[in-house]
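Residue-level structural notes
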Amino acid sequence: MSKAYRTVEARPNAQTLVKPGELVDLVEVTPLTLADRRIYNQLLENAWDAIEKPVTHVIAKSDLRGSHNSNDRVGASIERLMASIVKVQVVRDGEPAIERVQLLGGNVETTRRDGLLEYEIPQRLRRIIKDSTVFARLQREVMFALSSKYALTLYEMVQKRGNLRWRSSEKFSLDDMRGVLGVPKGKLTSWSNLKLRAIDPAVEEVSALSDYLVEVDPIKTGRRVTHVELRWWRKDAGGEAEAAHELQFSKVGRKERVSEKAEAARPRPGWLDARGAALRPETYETAKLRFQGYDIYFVEGEWRAWAAGKPPARDPDKAYLAFFKTFAANNPI
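Residues numbered from 1 in each chain as written. Predicted model: local features only at pLDDT ≥ 70, side-chain atom pairs only at ≥ 80, totals over all residues. Heavy atoms only, no water.

1. Describing the pairing of strand E8 (residues 135–139)
Quick reminder of the rule: Only protein chains enter the accessibility calculation, which uses a 1.4 Å probe; a residue whose area is less than 20% of its type maximum is buried, one above 50% is exposed, and one in between is partly exposed. Strands here are runs of E lasting at least two residues and helices are runs of H or I lasting at least four, both read from the DSSP assignment and numbered beginning at the N terminus. Between any two strands, pairing holds if DSSP finds at least two bridges.
Every second residue of E8 is oriented toward a common face, the buried set being Ala136 and Leu138 and the non-buried set Phe135, Arg137 and Gln139. Here 5 bridges tie strand E1 (residues 16–20) to E8, and the two strands are oriented antiparallel to one another. Paired with Thr16 across the strands is Gln139, a residue of E8.

2. Some thoughts on the sheet that holds strand E11 (residues 224–234)
Adjacent strands of a sheet form backbone hydrogen bonds with each other and so pair up, either parallel or antiparallel. Test applied: Fitting a line to C-alpha atoms yields each axis, with helices limited to the stretch in contact; the angle taken between N-to-C directions then spans 0 to 180 degrees.
Reading across from one edge, E9-E11-E10 is the order of the 3 strands in this open sheet, with antiparallel pairing throughout. The strands lining the two open edges of the sheet, one partner per strand, are strand E9 (169–173) and strand E10 (212–221). Looking at each pair of strands side by side, their axes are set apart by 20 degrees on average, direction ignored. Pairing analysis gives 5 bridges linking E9 to E11, with the strands arranged antiparallel. Counted as the bridge partner of Ser173 is His227 from E11.

3. Structural notes on the nonpolar core
Side chains of a nonpolar character, in soluble globular proteins, are inclined to be buried together. We count it as follows: Among buried residues, those of type Ala, Val, Leu, Ile, Met, Phe, Trp, Tyr and Cys that are joined through side-chain atoms within 4.5 Å constitute a nonpolar core. Contact criterion: two residues are considered in contact whenever any of their non-hydrogen atoms come within 4.5 Å of each other.
One finds Leu146, Leu154, Leu194 and Leu230 to be the most contacted residues of the largest nonpolar core, which totals 41 residues. Only E8, helix H4 (140–145), helix H5 (149–161), helix H6 (174–181), helix H7 (191–209), E10 and E11 provide two or more residues apiece to this core. For this core, the leading source of residues is H7, giving 9 residues. Beyond its immediate stretch of four places on either side in the chain, Leu154 contacts Ala202, Val203, Val206, Val214, Val216 and Leu230. Formed by 30 residues, the second largest nonpolar core is a distinct cluster that contains Leu26, Leu43, Val88 and Val90.

4. So, the environment of Glu240
Of note, Glu240 is situated in helix H8 (residues 237–248). Relative accessible area serves as the criterion here: at 27%, Glu240 is assigned to the partly exposed category. Residues Glu240 and Ala145, 95 residues apart in the sequence, show an inter-C-alpha distance of 15 Å. With near-sequence residues (within four places) excluded, Glu240 lies in contact with Asp211, Arg234 and Lys235.

5. What to know about the sheet that holds strand E5 (residues 95–102)
Spatial strand order, E2-E4-E5: 3 strands in an open sheet with antiparallel pairing. Since the sheet does not close on itself, it has two edges, and those belong to strand E2 (27–28) and E5, each with one partner. Direction of pairing for strand E4 (residues 85–92) relative to E5: antiparallel, over a ladder of 8 bridges. Note on E5: the bridge partner recorded for Val90 is Ala97.

Okay, here's the thing in C-alpha cells:
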C-alpha cells in the first residue's frame, strides 16, 4: 500500500501557499474578519518549514499589514486570532471527532514600526497539521483580491476540493455552511438574506477571479431550505486567462465587472459552449436513481468534455444518460 501524501510535504512557492484541509472547513466559535484570515494564512506559510515543531516563528510586521501604513490592524488581528477558538473535524482512533483548538499561541510584538512578530502554533493544532493529508493550494493574488471573508472562505473550500477525482459537488446542511463561512450568530438567519448578502457575492467573485466556476444551490426539505449543494467546474484555458487578466486590473469597478460576467454566465456557468443546452431536472433525478453513488454533475462535465467538437445531440438528456451508463460500467465504485 502506498504511503498517504502528507500535507506538510507540500511546498509553497512564489505564486501559491498551502493550507491544511482541516483548517479550511473549520467552524469559528469566534468569527474572524477578512484581514484576520489573510494574516493567518501568511502566518501559516511563514511557519511552514517547521510547523510541526514546538518552536517560535518570526515574521516582519510589514509583511502582514499589506497596503496599510499602521501596525494597529495587525495587532488587533493577532489578538482576535489568539482569542479565536475553532471546531475542527478530525479522526481519532478511527472515529470522526470534533476537536476544539486555538488558532494562535503566545506571541511577542516589538513596538517599532519596522519590528517583528514572534509567535507559536498551539500544540493541538500542530498535531492536526501533522496528521493532515488534504490541503488547499491558494493563489496569493486571488487571496488578496477577494473582497470579503465569505469569498475567501468559499475560495479555500473549492481549492481544497478542486482536484478530487470523479467528484464536483458536495452537500452541506445550512447550519454547517453558515459555520464554515463564519457567519456571526444571529446574523443572516434567513436563507434569502444569507444568499443575498454572503453566498451570491462570494460565488460571483470566486467564479470571476479563480480557476473554477462555482455554484451554491439551495435544497429544500418541505418548504424550508435546509441544505445547500456546492458545485465547482475547472475553467478552460480561456476562462483561466480571463481570470488572470481581471487580477491585473485595478479593483476600481471590479464589482460591476464581476456582476456583469456572472449575469452573462447564467443559468449554468459550466456549460457555455454551443452544445450547452441545459438538461431537464427530471434527467438529473433519473441519473441519481440509476447510478447511485456517482456525482452526477461530475459525470455531466465528463460528458460535455467528450461531446466537445462533435455534432450536437438530438436529445441531450438521452445522450447524457447513455454516456452515464458507459461511464459507470468503465468506472465502477
